[in-house]
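Chain by chain, the residues run as shown.
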Amino acid sequence: MDIKHMKYFVEVVNQQGMTNASKSLYIAQPTISKAIKDIEKELNMPLFDRSKRQLVLTDAGSVFYHKSKEILSLYKDLPKEINSLLGLETGHISIGLSAVMNMNKFIHILGEFHQQYPNVTYNLVENGGKMIEHQLINDEIDIGITTLPVDQSIFHSLPLYQEELKLVLNKEHRLAQYQQVKMSMLKDEDFILFNEDFYLNDKIIEAAKNAGYIPNTISKISQWNFIENLLNAHLGVSILPENIVGLLNSDFKNITLEDPGMSWELGVIWKRDKYLSYATRQWIDFMKQRL
DNA sequence: ATGCATAACACTGGAACCGT
DNA sequence: ACGGTTCCAGTGTTATGCAT
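Computed from a predicted structure; not experimentally measured.

Q: What is the right way to look at the protein's contact with DNA strand C in this model?
A: Taken together, eight residues lie around DNA strand C, and Lys4, Tyr8, Ala28, Pro30 and Thr31 are the ones closest in. A breakdown of the atoms of DNA strand C within 4 Å of the protein gives sugar and phosphate a share of 69%. At 3.0 Å from a phosphate oxygen of DNA strand C is found a side-chain nitrogen or oxygen belonging to Tyr8. Side-chain polar atom of Thr31 to a phosphate oxygen of DNA strand C: 2.7 Å apart, as the coordinates give it. When contributions to the surface near DNA strand C are tallied by element, the ones reaching two or more residues are α1 (3-15) and α3 (29-43). A per-class count over the surface near DNA strand C returns four nonpolar, one polar and three charged.

In structure tokens form, the structure reads like this:
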């Protein structure tokens, strides 16, 4: 059994079948079949339940899958590790960014990190908090920036900053004259919310429920800058973190919400029990120093 | 029809051997 | 010591069988 066996096995699981795996790996199906048999022979236990139409992982197969992924990840990062020992400090970091955050703060820190480690490259992906957690669990990204708290048994976290959530509406709106508003006063309003991938969405719906109603959602978006157009068109009101409010056109009115708990905290999170590349570890250390 | 397993065969690279 | 040849194990392919 070697790295190649593990690579084939992981691909069979990922592609949900040997035939699909053979296609994605550009090799013949029997090669895969034989490789899986070889592993099973060496381990002396089946990795798949073949009695069903589709291959199903056995308990042993599940353990082998997760361990193989770890080993393949270690193997992939080996050249980078060696480079870091030689002082070349190269690497690549995939970062999932909350689509509801002020990017300027983050980009500034990234810029400073780049000065120190110019050979490190990045993949920046914008998403909702739930999707970021999902991507971290599936090892699709190395680091996420999202809402805290997170499940501490799955993730490590580092708080970034806390901010208030503000009601944002058109200046001509009937509530625009108020300095402070309660959620209960928004009972008859149409809400422009984020989609279900966003924890902000959950928070707003929960606050509305606490105030005794289910918010009437007129539109669900995945990019905060769409809100500007929808507010301009008098389509409804929205609730946004104050850092995002600061980026909006000044023609909108933002109002403090009196209800308790209308704030949130953003933080850096990464998966527990996962091997982190040299570049990723440096990035986390750098963030810790900066914060 | 589709997907996995098996058999037979081809190709490749390394080890062993041999002649110069 | 060096270079050429042979052998063999490992890894892949195609063809085909079998189960669902």
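There is more to say after this.
Q: How should the protein's contact with DNA strand B be read in this particular structure?
A: Every one of the ten residues lining DNA strand B counts as a neighbour, but Met18, Thr19, Gln29, Ser33 and Arg50 are closest to it. Taking all atoms of DNA strand B within 4 Å of the protein, the share assigned to sugar and phosphate is 67%. Breaking the surface near DNA strand B down by element, the ones donating at least two residues are α2 (18-25) and α3. No other element matches the four residues that α3 contributes to the surface near DNA strand B. Looking at the surface near DNA strand B residue by residue, the class counts come to three nonpolar, four polar and three charged.

Q: Help me understand the layout of surface pockets, please; the structure alone is not making it clear to me.
A: Summary: where empty space remains is shown by rolling a probe the size of a single water molecule over the atoms. Its boundaries defined by the atoms lining it, the largest pocket holds a volume of some 880 Å³. Taken together, 33 residues line the largest pocket, and the ones lying closest to its centre are Lys69, Ser73, Asn138, Asp139 and Lys274. Taken together, the elements giving at least two residues each to the lining of the largest pocket come down to α1, α4 (59-85) and β3 (91-98). Per-element tally for the lining of the largest pocket: the top contributor is α4, with ten residues. Lining the lining of the largest pocket are residues from two domains, each supplying at least three of them: domain 1 (1-85) and domain 2 (90-158 + 264-287).

Q: Would you mind showing me how to read helix α7 (residues 199-210) here?
A: Working note: α-helix, 3.6 residues per turn, so residues spaced by three or four point in the same direction. Given a rise of 1.5 Å per residue, twelve residues ought to cover 16 Å, and the 16 Å separating the end C-alpha atoms of α7 matches this to within 8%. Of all the residues in α7, the buried ones are Leu200, Asn201, Ile204, Ala207 and Ala208. Angularly, the buried residues of α7 cover 135° about the axis, an arc narrow enough to put them on a single face. Away from the buried face of α7 by more than 90 degrees, exposed residues Lys209 and Asn210 are located. Elements in contact with the buried residues of α7: β6 (155-170), β8 (190-194), β10 (238-241) and β12 (263-271).

Q: Can you help me understand the nonpolar core in this one?
A: The tendency in soluble globular proteins is for nonpolar side chains to be buried as a group. In terms of nonpolar packing, the biggest core is built from 62 residues, with Leu167, Met183, Leu186, Phe194, Ile239 and Trp283 touching the most fellow members. Among the elements that line this core, the one with the most residues is β6, at seven residues.

Q: I'm lost on the environment of Ala208 in this one. Help?
A: With respect to the helices and strands, the residue Ala208 is situated in helix α7. Spatially, the C-alpha atoms of Ala208 and Ser184 are 7.1 Å apart, while their sequence positions differ by 24 residues. The contact partners of Ala208, leaving out residues within four places of it in the chain, are Met183, Tyr213 and Pro215.

Q: Would you take a moment to explain the environment of Asn127 for this structure?
A: Its place among the elements puts Asn127 in strand β4 (residues 120-127). Through-space distance from the C-alpha of Asn127 to that of Gly144 is 9.6 Å; in sequence the pair is 17 residues apart. Leaving out residues up to four positions away in the same chain, Asn127 has contacts with Leu97, Ser98, Ala99, Ile132, Gln135 and Phe198. In this structure the side chain of Asn127 is engaged in a polar contact, spanning 3.4 Å, whose partner is the side chain of Gln135.

Q: I tried to follow the packing of α1 against α2 on my own but got confused; where do I start?
A: Describing two packed helices takes the angle between their axes plus the distance from one axis to the other. Contact pair α1 / α2: the axes reach a minimum separation of 8 Å and the direction vectors enclose 115°. In this structure, the crossing between α1 and α2 has a hand that is right-handed. Between α1, through Lys7, Tyr8, Glu11, Val12 and Gln15, and α2, the contact on the second element is made entirely by Met18, Asn20, Ala21, Ser24 and Leu25. Per-class residue counts for the contact of α1 with α2 are five nonpolar, three polar and two charged.

Q: Got a minute to help me understand the packing of aromatic side chains in this structure?
A: Centre distance and the angle of the planes are the two values used to describe a pair of aromatic rings. Taken as a whole and assessed by the stated rule, the structure comprises eight aromatic pairs. When the ring of Phe113 is compared with that of Trp283, the centres are 5.1 Å apart and the planes differ by 85°; the resulting orientation is edge-to-face. Highlighted residues: Phe113 in helix α5 (residues 103-116) and Trp283 in helix α10 (residues 278-290), separated in sequence by 170 residues. The same class applies to Phe113 and to Trp283, which are both buried. Ring geometry for Phe113 versus Phe286: centroids 5.3 Å apart, planes at 70°, classification edge-to-face. Here Phe286 lies in helix α10 and Phe113 lies in helix α5, a separation of 173 residues in the sequence. By relative accessible area, Phe113 is classed as buried at 0%. Members of the aromatic cluster, connected to one another through ring pairs, are Phe106, Phe113, Tyr117, Tyr122, Trp283 and Phe286.

The rules behind the values
Residues numbered from 1 in each chain as written. Chains lettered and ligands numbered in written order. Predicted model: local features only at pLDDT ≥ 70, side-chain atom pairs only at ≥ 80, totals over all residues. Heavy atoms only, no water. Near = heavy atom within 4 Å. Polar contact = N/O pair within 3.5 Å; in protein donor to acceptor, adjacent residues only side chain to side chain. Helix = DSSP H or I, 4+ residues; strand = E, 2+ residues; numbered from the N terminus. Nonpolar A, V, L, I, M, F, W, Y, C, P; charged D, E, K, R; others polar. 1 Å grid on protein atoms, 1.4 Å probe; cavity = no way out; pocket = protein on both sides within 12 Å on 5 of 7 lines; lining within 4 Å. Points joined across faces, edges and corners; volume = space filled by probe spheres on them. Domains from an automatic or database assignment. Expected span 1.5 Å × (residues − 1). Buried < 20%, exposed > 50% of the residue type's maximum accessible area, 1.4 Å probe, protein only. Arc of directions from axis to C-beta. Contact = heavy atoms within 4.5 Å. Core = buried A, V, L, I, M, F, W, Y, C linked by side-chain atoms within 4.5 Å. Axes fitted to C-alpha atoms, helices over the stretch in contact; angles between N-to-C directions. Left-handed = near helix turned anticlockwise from the far one by under 90°. Phe/Tyr/Trp six-rings, centres within 6.5 Å; stacked < 30°, edge-to-face > 60°.

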